[in-house]
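Given next are the chains, with one letter for each unit.
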Amino acid sequence: MDGWVSTVRSGAMGAVVAFGAPSAWAANGYSTDIELLRPSFSSSGLVGVDSPFVREAGRWRVGVASQYQHDPLVLYQHEQEVGTIIEHRVGTHLGFAYDAREQLSVRLVLPTYYQVGTDVPELAASGFGTGDLGLGATVRAVALGPVGLGLRIDLTFPTSRDAAWSGEDNLRTGAALLAHLDLGRFDALVDVGPTLRTDVETAEDFTLGSELHSAVGLRFDVIEDVLSPYVLTLVRTGLAAPFSGGAETPAESVLGVQLRPIEPLLFDVGLGTGWSDGYGTTQERVLVGLTWVGSIPREERPEPLQAVVITDPPPEIEIPDDPPEPEEEPWREGQLAKVEGERIKIREPIQFEFNTARILPESLPVLYQVAGLLNENARIVHVVIEGHASEEGSFSYNYDLSIRRARAIWEQLIRGRVHPDRISYRGMGEVVPRTAGSSEGELADNRRVDFHIVHQLGPLDLTPTYSPLAQLPWDGGDPDRQGELPAISPTDGILEVETYTVSPTGVPMGGEAHEDLDLGGGAETLDVDDFDVDYDEEEVDRDLIDEFGRGEIIRAETPPSDDDEDDDVIDLEEQ
């Protein structure tokens, strides 16, 4: 009997089949599945690593993942390379997955293969063929904040071409323990479990039997929900002699990136290479994947009819009419925000890109007016921006999304020259719904942002002052020198700016100066070296100039009144 020895070559990246001499094999190979990287099309996972987290119940995914593999199968005998059995292989996995609920996802995956090139014609299986059909389910068992634990179950049916290295003759079963640590921009995934199969006997010492599969992935969101590079490592080993090396222990790593250019589409691109001589590893692996993410609309079910027993009608009771509700002040033309009691009411809800915290351009005018109300009303001392989500998706995901959306509005108002001391934000997730129900209209009503006024000044309260050295709190920049996003322009105030250059402080005057000098939210500051106080028909409080001038000039022009067609121009300077 021809003997064989399979060893790990230092620095070698080829896959090894150390089954003995070619004469011991049936022509055209064996019915053996050599694929190492298997896509699962899971909601929050990677190409070869499943995840117990389901983003949203009712979601479905249709995808295709294609891999080019160079030298996935190489024959060795007595530690010497005999030749390449499969030189070039293109494998394509077609998949469909459906998230039935937050704790359960099911999938169906069908692989196909095209392979050419060989140095061992007796074992070659060139041409096109299907692989084994896979049916699987993922169950989430535990969700503790950022940690999710679950179970993956798979059945693989023999639908492949015989003796083509693409599938096996018997049903295979598999299971795995899943763990996912989600820390916002960074997450780690682990997928470990056995695959049980009927042994595939060879003419020599090697038997392909049940194996332990393990996959570990690390991912980082460079651009949240848009660009996420990742690295994953895949290892499998025979249960009869675990981690004994050679053909029985293939291992490979893949460096890739996930890209979401628009919401329904998810692209995967990756490069991999093997670092052991196990069967199925490659010298080079190139991965390209495309997944379309959709959702099944919810049906509005009618309320069930209740049985009614008719008896004698009850006596009529006179019920006094409810007092009429006070009529709400109608919206004026062009008005998008107004102060009502202890809140700032907006005419239209703030719109975001789906499942992100990016504010859509059509909602910026609403925030323009919210910023204007705050900048023009010094009596409003503090406003809390409160984000809310509807009940779709997991509780933790909704809570995180509501915080991120409230923060996005907070940042945008600061860019609109609202002082950071006057606003804060918080997320409420789905715990305070506005309406109860599951129709799209009711769910949309719960996806909202509220503006709560938590501190207003009374008639005798003094207007607070604010630090002129405010910076953008997320990057330390100047609110008036940000170029990435447009700053909000306050609505027309009492004064209109004529010409100006923003000063280094970049902060509007404090509330007392706005009120006492009648400068309004439109006032801007200018840098000057020396100038004289010059005012026309206006009495200016010298103490206020000394307190708020700070070596800068405020040049603003009041709108003409009905009594005076000429504009009053005020130049202020600290002496």
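Going by the structure above, here's the rest.
Predicted model, so just to flag it, every value in this text is computed and none were measured.

Here is what the cut-offs are and how they apply
Residues numbered from 1 in each chain as written. Predicted model: local features only at pLDDT ≥ 70, side-chain atom pairs only at ≥ 80, totals over all residues. Heavy atoms only, no water. Pairing = 2+ DSSP bridges. Helix = DSSP H or I, 4+ residues; strand = E, 2+ residues; numbered from the N terminus. Axes fitted to C-alpha atoms, helices over the stretch in contact; angles between N-to-C directions. Contact = heavy atoms within 4.5 Å. Phe/Tyr/Trp six-rings, centres within 6.5 Å; stacked < 30°, edge-to-face > 60°. Lys NZ or Arg CZ within 6 Å of the ring centre and 35° of its normal. Core = buried A, V, L, I, M, F, W, Y, C linked by side-chain atoms within 4.5 Å. Buried < 20%, exposed > 50% of the residue type's maximum accessible area, 1.4 Å probe, protein only. 1 Å grid on protein atoms, 1.4 Å probe; cavity = no way out; pocket = protein on both sides within 12 Å on 5 of 7 lines; lining within 4 Å. Points joined across faces, edges and corners; volume = space filled by probe spheres on them. Nonpolar A, V, L, I, M, F, W, Y, C, P; charged D, E, K, R; others polar. Expected span 1.5 Å × (residues − 1). Parallel < 35°, antiparallel > 145°, perpendicular 65-115°, else oblique. Left-handed = near helix turned anticlockwise from the far one by under 90°.

## Some remarks on the sheet that holds strand β19 (residues 423-427)
One open sheet accounts for five strands, arranged β16-β17-β20-β18-β19; its pairing is mixed. At either end of the open sheet lies a strand with only one pairing partner, and these are β16 (337-340) and β19. Neighbour-to-neighbour, the strand axes of the sheet open up by a mean angle of 25°, direction not taken into account. On the sheet, helix α1 (residues 364-376) packs against β16, β17 (343-346), β18 (380-388), β19 and β20 (448-456) and is oriented at approximately 45° with respect to β16. Together, β18, β19 and β20 form the strand contacts of helix α2 (residues 395-415), whose direction differs from that of β19 by roughly 165°.

## Overview of the packing of aromatic side chains
Under the defined criterion, the tally for this structure stands at one aromatic pair. One Lys or Arg, R89, reaches over the ring of Y113 and ends 3.8 Å from the middle of that ring.

## Regarding the nonpolar core
The biggest cluster of nonpolar side chains holds 27 residues, and the ones touching the most others in it are I409, L413 and F451. Those elements that place two or more of their residues in this core are β17, α1, β18, α2 and β20. Residues contacting I409, with those up to four places away along its chain left out, are I350, F352, I359, L367, I385, V449 and F451. The next biggest cluster of nonpolar side chains, apart from the first, holds 16 residues, and it includes V47, Y230, L234 and L287.

## A word on the environment of G246
Residue placement: G246 occurs in the loop between β12 (227-238) and β13 (251-259). By relative accessible area, G246 is classed as buried at 4%. Along the primary structure G246 and E79 are separated by 167 residues, whereas in three dimensions their C-alpha atoms are 10.0 Å apart.

## Some points on empty space enclosed by the protein
Tallied over the full model, the rule gives five cavities of 30 Å³ or more. Quantified by volume, the largest cavity comes out at close to 660 Å³. Contributing to the lining of the largest cavity are 36 residues, with R38, P39, R152, D154 and H213 lying nearest its centre. Residue composition of the lining of the largest cavity, grouped by class: 12 nonpolar, 12 polar and 12 charged.

## Let's talk about α2
Over its 21 residues, α2 runs 31 Å from end to end, which matches the ideal 30 Å to within 8%, given 1.5 Å per residue. In terms of burial, α2 is a largely internal element, 15 of the 21 residues being buried. Just downstream of α2 lies R417, where phi reads positive at about 75°.

## Description of the packing of α1 against α2
Axis separation between α1 and α2 bottoms out at 10 Å; the angle between their running directions is 60°. With respect to each other, α1 and α2 are oriented oblique. Considering the relative orientation of α1 and α2, their crossing is right-handed. In contact with L364, L367, V370 and A371 of α1, α2 contributes I409, Q412 and L413.

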